[in-house]
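Fold and contact review
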Amino acid sequence: MRYTIPLVVLIALIGLFFFGMQHDPRLLPSPLIGKAAPAFDLPTLDGTPQRMSQADLQGAPVLVNFFASWCAGCQEEHPYLMQLTRNSQVKLVGIDYKDAEADLRPWLNHKGNPYGQILTDLEGRAGIDWGVYGVPETFVLDAKGTIIYKQVGPMTPEVWEHDIQPLLKATS
Amino acid sequence: MPSDTNTPSSPRRRGPSFASPLHEVQNWIPAFAGMTKRLGAALLVLTLTLLAFPAAAEVETVHSPIPLNEQQEAFYKDLLPELRCLVCQNESLAESQAPLAADLRYEVRGLIAKGQNEAQIKKYLTDRYGDFVLYKPPLAPRTWVLWFGPFILLGVGLGMVFAYARRSRSASSTSAKVVVDQAALKKILDEKAP
Amino acid sequence: MIPELGHFAVILALGVALLQAIVPLLGWRRRDARLLSFAGSAAQGQFLCIAAAYACLTYCFVTKDFSVAYVAENDHSQLPLIYRITAVWGAHEGSLLLWVLILSGWTLAVSVFNRRLPLDMSALVLSVLGMVSTGFYLFILLTSSPFTRLVPAPAEGHDLNPILQDPGLAIHPPMLYMGYVGFSVAFAFAIAALITGRLDAAWARWTRPWTTTAWMFLTMGITLGSWWAYKELGWGGWWFWDPVENASFMPWLAGTALIHSLAVTEKRGLLKSWTVLLAILAFSLSLLGTFLVRSGVLVSVHAFASDPSRGTFMLAFMAVVVGGALTLFAWRAPKLITTGELQLFSREGLLLFNNLFLVIAAAAVLAGTLLPLVLDVLGITKLSVGPPYYNVVFLILIAPLFLLVGLAAVVPWKRGDWRETARRLKVPAIIAVILMVVLPFALHGRTTLLAATGALFGCWAIFAAAQDVWRRVRAKPEWRAGLRAVPRAVWGMTLAHIGLGIWALGVSGVVSFGDEKDVRLARGAETELGGYNFRFQEAGEQAGPNYTAQQGTVLVEHGGKLIATLHPQKRLYPSQGTVLTESSIDAGLMRDLYVSLGESYDDGSWSLRVYYKPMIRFIWLGGIFMFFGGLLAASDRRYRLARAAERRAIEIAEGAVA
């Protein structure tokens, strides 16, 4: 009987690896999900209003997208974000992460601006408070300002349709 | 490695040579690919998928260091290797060259300067990034197998060793015949092999 | 044309390996000597095929044939010739080819040196090795061929990752693979023993030199890797408990246990099924390491998920090979009767404890490596297991081994005598206790708990091992005759155990007394560390064969005297746009002074990392001692001269079974 123990251990390990291979080891779940959006107070790009805080995100569901003009993943998701804000009611707030305004403006002019509002986080402090570890990252907030979903990496139609939309429907 | 001490306080730009697209970093060297990866990751800067040379470069904020007294500095040095870099993931915050790691080093120094203790600083980080950021897994039911497993296994193993020894002693009296064969075998082997 | 030839040679090797796996099995079923002896010829033919394939790939690299995708990825016209040769194993596909070349080399060696074995045993061993080779050839051909063409061919290659352009790394992978793959021989012997049911002292004697040889290469591979990482990565670390390092360390622990349990099986005929299990385990952990490294299942920097077909293939292969072996084990091992009495206080009893601690240490490393994956798969949480865990749990588990290592040479087989043991170990124990107190003060001027423990353990291991040789030498009237009278196997054991002691001194020394500093220095400014003055003199441009470097000059003074001029560099490799820090080290047996270059500032100053690393060389010196210990043990005369004796022994053993 005890001679079969190694075999049992092996079978368990094979099973573990089989399922393990379907997970991306780099993706980190956010501990912020289910919690209120972290406090911040950031200047806006267009200056109206001058600054915004977490309180300004309440009232309706909103997507908070950390992005930067220097980030390749952001270029990748940009056309889809444009399409998303054109076709749906969703509010999109961009937080420009560690990016110079001089770089951002031509980028937006060239590619278009999907954001209802852009906040600038030059020092990346808000990024730390939101647990951002690699732009682009997108947080989904419900009307009460609670974080209900986080997407690491470019936003895609699949993520939007399969994960985010049902969540938004369920909360509203 | 932007050092924590004595760095200028103006925002600087990361040169484009750092933000090169990371070509498949070899992870084949069985033992040390981890380190290869670390270095590669450091070069990878912040993005998972840098497909092309970015048009602009990331603004790297370099702060002037927060001064710490000697005791705090020692605490800082002890604490930092226990914190994992989120970007290059196989390095501690002490080692990482990623800008986020530099930012977090700055934050940790700030928290230490404010007099926060280890638990408070770790909570600050886990509130944002989860347990992943701690190289020392917390003692909780989900990690019991890690902290106690080896010692339970050791207890079981010791029990098995003692049981085996007892069994072999009681069995050895009944198998005299084979013991003789073994002895003959050994004798021949030893004769021929000086 | 050449790449196609190479590809064809791999296919041919696959065919031969298949025959090598199947024909001897048939021969064994039918008791047909001709079929059995085919195994040896097949092994040799297979080696020729794969050596040809490897030569083809090397040729492509040397001639910069960028029409081959793998060459284009890892070669560059500016790359120095030596690195064009080592670049062959610079990434997944080519390193896999090196792996099968080495596996085939081991198989060839078995076919040559095992002629003294009974034919059926030797044929079955080769058959099992053929099965393993078959799997790897399929892996190469189905998922990872290095010979695939790239159309159109690029004008320039992408270059070997600059971090691999280092002599240390050039020899690290082949050494490591020699170890990894070498355990396949012990594995094959174990399977053959399970199939034939013949597992006796002679079997253990055949298996021992192969296992020791594999172990010694693995030891050297890990040591080289540690040294390379220290010197190349720029932050002075020598071991990181990275999952990928753990992947090489677990087979080492299992292999170390196997070496010791083989001794028990040979000398006392005990622990048979345990030894077989360890032989399976050591190779399985090698395969596991390969899987972990190449499947992307653990955190890896691969920007895009690595080809999932590779991971799936490796997993299936592991399931077949290890699953098959363990099924055979579950079926056959209960029939391996062990006879003889085991006293716990005897050499075999102590070796059993040695095995217990080593295997559980390996289990702790495995748990730490895999628990994050388990919790992630179960969707519970994502956490990290790093040095703070291993440094506690692993050290607790290996501490008892130091007590045992001192006893090992003194306690005799069958039954130990406490009083005799105490009498003989009195002197080493007293020396160790004295040095525990004195050594840290003498070397570093102060002490810590860790330093004292390390000195105690290290000196105990060294002096207890040395006293055994000392006693043997003293037993002869003349010391030269005495030295010659010590068998190589004893020398080997002694050296390896001394190596362990040296390692302990190094680790405790560098961890306790090492120091580091981040500084920003203007030209001419200086900083002090560990009693040494580091003056930053200047920084300038320096051109290398395929890189340009910013090179700093740092003068190190001690007691007012200039003792070293260091040139840390920051290199830019334009082919990949990669920047690497190249540290500069003034190495010494008792201390390293280590400087690496950080960032430059507009005012001409630089940030530098300065390290004082006392006794860090002892860590690798310990590894070198273990390597030569293994070499001596594996080349002991009794393995070479025992042919006739073994043949007779086999006949007797067979007679006893019948």
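What you see is a predicted model; the values in this text were computed from it and never measured.

What about the overall build of chain B?
On a plain count of helices and strands, chain B comes out with 7 helices and 2 strands. Starting at the N terminus, the α and β elements of chain B follow one another as β-α-β-α-α-α-α-α-α. Among the 194 residues that make up chain B, the fraction classed as buried is 44%. Put simply, 64% of the contacts in chain B that link residues at least 6 apart link residues at least 24 apart.

As for the overall build of chain A
For chain A, the count of helices and strands is 5 helices and 7 strands. Starting at the N terminus, the α and β elements of chain A follow one another as α-β-β-β-α-β-α-β-α-β-β-α. Its C-alpha radius of gyration of 19 Å places chain A more than 25% over the 16 Å reference for a compact globule of 172 residues. C-alpha atoms of chain A, sized along the principal axes, occupy 75 × 35 × 30 Å. By residue count, 42% of the 172 residues in chain A fall in the buried class. Partitioning the intrachain contacts of chain A with sequence separation of at least 6 by distance along the chain shows that 71% fall at a separation of at least 24.

Description of the packing of helix α1 (residues 2–30) of chain C against helix α6 (residues 119–143) of chain C
Residue and element names in this part refer to chain C. The geometry of α1 relative to α6 is characterised by a closest axis approach of 7 Å and an angle of 150° between their N-to-C directions. Taken together, α1 and α6 sit at an angle that is classed as roughly antiparallel. You can see that α1 and α6 cross each other, and the crossing is left-handed.

Remarks on the confidence of the model for chain B
All names here are of chain B. Mean pLDDT over chain B works out to 67, with 54% of the residues at or above the 70 mark. Per-element confidence in chain B is highest for helix α4 (residues 118–129), whose mean pLDDT is 92, and lowest for helix α1 (residues 33–44), whose mean pLDDT is 37. Low pLDDT, under 50, characterises residues 1–56; the stretch is placed with 190 contacts to residues that sit more than four places away or in other chains. Throughout residues 175–180 the model reports pLDDT below 50, and contacts reaching past four residues in sequence, or to other chains, amount to 4 contacts. Scored by ipTM, the complex comes to 0.86, with pTM at 0.88.

Some thoughts on the environment of Leu395(C)
Residues and elements named next belong to chain C. Mapped onto the elements of the fold, Leu395 is located in helix α13 (residues 387–408). Using a count of 13 C-beta atoms within 10 Å as the deciding quantity, one classes Leu395 as partly exposed. Residues Leu395 and Phe329, spaced 66 residues apart in sequence, show a C-alpha to C-alpha distance of 32 Å.

What about the sheet that holds strand β3 (residues 62–67) of chain A?
All names here are of chain A. If you trace the 5 strands from one edge of the open sheet to the other, you get β5-β4-β3-β6-β7, paired in mixed fashion. In this open sheet, the two strands that pair with only one neighbour each are β5 (117–121) and β7 (147–152). Averaged over all pairs of adjacent strands, the angle between strand axes in this sheet comes to 20°, irrespective of strand direction. In terms of strand pairing, β3 meets strand β6 (residues 137–141) through 5 bridges, oriented antiparallel.

Quick look at the environment of Asp56(A)
As for its position among the elements, Asp56(A) is in the loop between β2 (51–53) and β3. For Asp56(A), a count of 17 C-beta atoms within 10 Å puts it in the partly exposed group.

Brief notes about the sheet that holds strand β10 (residues 606–614) of chain C
All names here are of chain C. Here we have 4 strands laid out as an open sheet, ordered β1-β10-β9-β8, and antiparallel in their pairing. The sheet terminates laterally at β1 (515–521) and β8 (584–586), the two strands that pair on one side only. Here the strands of the sheet are splayed against their neighbours by 20° on average, with no regard to which way each runs. Alignment of β8 against strand β9 (residues 591–600), held across 3 bridges, turns out to be antiparallel. Residue pairing across strands places Ser584 opposite Val595, the latter belonging to β9.

Here we look at the packing of helix α7 (residues 167–196) of chain C against helix α10 (residues 272–295) of chain C
All names here are of chain C. Their axes nearest at 8 Å, the elements α7 and α10 cross at an angle of 140°. One finds that α7 runs oblique with respect to α10. In the crossing of α7 with α10, the sense of the turn from one axis to the other is left-handed. Only Val276, Ala279, Ile280, Ala282, Phe283, Ser286 and Gly289 of α10 make contact with α7, whose side of the interface consists of Tyr180, Phe183, Ser184, Ala186, Phe187, Phe189, Ala190, Ala193 and Leu194.

Regarding the pairing of strand β2 (residues 526–529) of chain C
Residue and element names in this part refer to chain C. As paired elements, β2 and strand β3 (residues 532–543) share 4 bridges and run antiparallel to each other. Among the inter-strand pairings, Glu526 is bridged to a residue of β3, identified as Arg535. Counted between consecutive antiparallel strands, the loop separating β2 from β3 contains 2 residues, among which Gly530 sits at a positive phi close to 55°.

Brief notes about helix α5 (residues 157–171) of chain A
Residues and elements named next belong to chain A. Here α5 is 15 residues long and its end C-alpha atoms lie 20 Å apart, about the 21 Å a rise of 1.5 Å per residue gives. Of all the bends in α5, the greatest reaches close to 35° and is centred on Ile164; the proline Pro166 follows between one and four positions later. Three or more residues of α5 are buried, namely Trp160, Ile164 and Leu168. Against α2 (72–87), β6 and β7 lie the buried residues of α5.

Let's talk about unusual backbone geometry
Cis peptide bonds are those with omega within 30 degrees of zero, and the linkage from Val135(A) to Pro136(A) qualifies with 0°. For Pro136(A), the position within the fold is in the loop between α4 (125–129) and β6. Here the bond from Val151(C) into Pro152(C) is cis, since omega is -5°, no more than 30 degrees from zero. Residue Lys98(A) is not a glycine yet carries a positive backbone phi of 50°. When you line up the elements, Lys98(A) lands in the loop between β4 (91–97) and α3 (101–111). Residue classification places Lys98(A) among the buried residues on the basis of 27 C-beta atoms within 10 Å. In this structure, Leu271(C) takes a positive phi of about 55° despite not being glycine. One can find Leu271(C) in the loop between α9 (243–268) and α10.

Overview of the nonpolar core
Within the largest apolar cluster, 221 residues are counted, with the highest numbers of intra-cluster contacts made by Ala186(C), Phe189(C), Ala254(C), Ile280(C) and Ala461(C). Counting 60 residues, the second largest nonpolar core, distinct from the first, contains Leu92(A), Val132(A), Cys85(B) and Leu100(B).

Concerning the environment of Ile171(C)
Among the secondary structure elements, Ile171(C) is positioned in helix α7. In the structure, Ile171(C) is positioned 294 residues away from Ala465(C) in sequence and 31 Å away in space, judged by C-alpha atoms.

What to know about helix α2 (residues 33–62) of chain C
Spanning 30 residues, α2(C) covers 44 Å between terminal C-alpha atoms, matching the ideal 44 Å at 1.5 Å per step. Within two residues after α2(C), Lys64(C) carries a phi angle of roughly 55°, on the positive side.

Here is what the cut-offs are and how they apply
Residues numbered from 1 in each chain as written. Chains lettered and ligands numbered in written order. Predicted model: local features only at pLDDT ≥ 70, side-chain atom pairs only at ≥ 80, totals over all residues. Helix = DSSP H or I, 4+ residues; strand = E, 2+ residues; numbered from the N terminus. Buried ≥ 20, exposed ≤ 12 C-beta atoms within 10 Å, placed from the backbone. Contact = placed C-beta atoms within 7 Å. Rg over C-alpha atoms; globule rule 2.2 N^0.38 Å. Axes fitted to C-alpha atoms, helices over the stretch in contact; angles between N-to-C directions. Parallel < 35°, antiparallel > 145°, perpendicular 65-115°, else oblique. Left-handed = near helix turned anticlockwise from the far one by under 90°. pLDDT = per-residue confidence, 0-100. Pairing = 2+ DSSP bridges. Expected span 1.5 Å × (residues − 1). Bend = angle between axes of the 7 residues up to and from the residue. Core = buried A, V, L, I, M, F, W, Y, C linked by C-beta atoms within 7 Å.

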